[in-house]
Amino acid sequence: MVFRISGSVYANIPGDALKPDIPHGRKLFGIEGYNIRRLYRVPGTDRLHQLSRELVCYTDPGDPVRVLRAWANPLDGRTYPVVPINNDAVNFGPFPITSAFAGPPLRRLHDETVWTSDIAVRADYGTTLGETFGLLGGVYTAQEMFEFHVDDREVAARTVPGQIPDGAMRVKVSWTRTAPWAPFMGIAESEVRGQLTYRAHAWSLGSYADVEPWLRAEVEARHPLYTAAPDEPGPSENSWTSFHAKQLDKGAMTWAGWCAAHGRP
């Protein structure tokens, strides 16, 4: 199945200190993409892994179907190539196969079942990767907040005893993230106080074929690996470890060196 993701990225600037270059609340980017996933059962066991890849493009804030290739940083007057969120892979598990729900508490809101997952993220990249990315102390901190909605009629139709439901469950997701400047922006958190706020919604699709043609064309031309989920469990990536692996060649180049080499006057 696919979780299609669509939303926006805003500047969150304490004291509006970067005005007029980056006013507080300015919409800097759109985000358009998806997470493509499958379940993998460890042979001979009752253990499941969720295996996925994630590709999310930064788009023109006024035109969500125009993928940005470059971003002009108004603080230093340089233009940087835009690097999409491209995580291969995003894996979870193993989980035991069980008939009981083992996740966060469920709530009923009108005719929907709702559950949330709020995650405070902390990663010391200065220690684990040997790269600070301009982060305060080399430590990445973020807040990820998810809200999942499933129609009760959908649940009832998919839990008929003795029947295996067809296709992907119809799920709606709300996602918010507060995080440091994206690494391609060429802005050091340790020097420029501010954050990004990501706000998006997502919804389930049955397969990659259900993704809109314009986005499939982008993926097939530039990111063909992301047309399918991984085949077996392996290490996971996030936006920062992916940037380290793919843009910095696993540490062969520093983030500061990448900014100097790729930022055009």
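All values derive from a computational prediction rather than experimental measurement. (Residues numbered from 1 in each chain as written. Predicted model: local features only at pLDDT ≥ 70, side-chain atom pairs only at ≥ 80, totals over all residues. Heavy atoms only, no water.)

All right, on to the overall build of the chain then. Broken down by element type, the chain carries five helices and 13 strands. When burial is assessed residue by residue, the chain has 45% of its 265 residues classed as buried. Taking the intrachain contacts of the chain between residues at least 6 apart in sequence as the baseline, contacts between residues at least 24 apart amount to 69%. About 13900 Å² of surface is accessible on the chain, with carbon and sulfur atoms providing 54% of the total. Taking the average location of the 27 positive side-chain charges in the chain and that of its 30 negative ones, the two points are 1 Å from each other. (Helix = DSSP H or I, 4+ residues; strand = E, 2+ residues; numbered from the N terminus. Buried < 20%, exposed > 50% of the residue type's maximum accessible area, 1.4 Å probe, protein only. Contact = heavy atoms within 4.5 Å. Areas by Shrake-Rupley, 256 points an atom, 1.4 Å probe, with all protein chains shown as cover. Lys, Arg positive; Asp, Glu negative; His and termini not counted. Charge placed at Lys NZ, Arg CZ, Asp CG, Glu CD.)

Below, the discussion takes up unusual backbone geometry. Residue A89 is reached from D88 by a cis peptide bond, and omega for that bond is 15°. With respect to the element layout, A89 can be found in the loop between strand 7 (85-88) and strand 8 (92-96). A cis amide bond links G93 to the next residue, P94, at an omega of 5°. At D16, a position not held by glycine, the phi torsion is positive, near 50°.

Those residues of helix 5 (residues 255-262) that fall on the buried side of the exposure criterion are W255, W258 and C259. Across the axial projection of helix 5, the buried residues extend over an arc of 100°, all falling on one side. Exposed side of helix 5, more than 90 degrees from the buried face: A260 and A261 are the residues found there. Those residues of helix 5 that are buried are in contact with strand 6 (78-81) and helix 4 (239-246). (Arc of directions from axis to C-beta.)

Moving on to the packing of aromatic side chains. Tallying each qualifying case throughout the model produces 14 aromatic pairs. Judged by centre distance (5.1 Å) and plane angle (65°), the rings of Y58 and F184 are edge-to-face. Taken as a pair, Y58 in strand 3 (residues 47-60) and F184 in the loop between strand 12 (171-179) and strand 13 (195-205) lie far apart in primary sequence, 126 residues in all. Under the relative-accessibility criterion, F184 is labelled buried at 1%. (Phe/Tyr/Trp six-rings, centres within 6.5 Å; stacked < 30°, edge-to-face > 60°.)

Moving on, we get to the pairing of strand 2 (residues 27-41). Within strand 2, 11 of the 15 residues are buried, which leaves the element mostly enclosed by the surrounding structure. Of the strand pairs in this sheet, strand 1 (residues 2-12) and strand 2 are connected by nine bridges, and their pairing is antiparallel. Bridging from a neighbouring strand, I5 pairs with G33 of strand 2. The sheet contact formed by strand 2 and strand 3 spans 12 bridges and is antiparallel. Bridged to I31 within strand 3 is Y58. Taking the residues between adjacent antiparallel strands as the criterion, strand 2 and strand 3 are bridged by five residues, where G44 takes a positive phi near 75°. (Pairing = 2+ DSSP bridges.)

Now for the environment of V56. The residue V56 is located in strand 3 in this model. By relative accessible area, V56 is classed as buried at 5%. Measuring from C-alpha to C-alpha, the distance between V56 and A200 comes to 11 Å, with 144 residues separating the pair along the chain. Ignoring sequence-local partners within four residues, the contact set of V56 consists of I5, I31, E32, G33, Y34, P84 and I85.

Right, let's get into the pattern of salt bridges. Here the idea is simple: oppositely charged side chains can pair when their charged atoms come close. One pass over the structure, following the stated rule, counts 13 salt bridges. For D152, the salt bridge is made with R108, and the minimal N-O distance between the two is 2.7 Å. Of this pair, D152 sits in helix 2 (residues 152-158) while R108 sits in strand 9 (residues 107-109), and the two are 44 residues apart along the sequence. Residue classification places R108 among the exposed residues on the basis of a relative accessible area of 58%. Between R177 and E144 there is a salt bridge, with the nearest N and O atoms lying 3.4 Å from each other. One end of the pair, R177, is in strand 12; the other, E144, is in strand 11 (residues 139-151), with 33 residues separating them in the sequence. Each member of the pair, R177 together with E144, is buried. Salt bridges sharing common partners tie together R4, E32 and E212. (Salt bridge = Lys/Arg side-chain N within 4 Å of Asp/Glu carboxyl O.)

Looking at the secondary structure, you find S6 in strand 1. Among the polar contacts listed, one links the side chain of S6 to the side chain of E32, at a separation of 2.9 Å. Non-local contacts of S6, meaning those with residues more than four positions away in its chain, are made with I31, E32, A200, H201 and W203. (Polar contact = N/O pair within 3.5 Å; in protein donor to acceptor, adjacent residues only side chain to side chain.)

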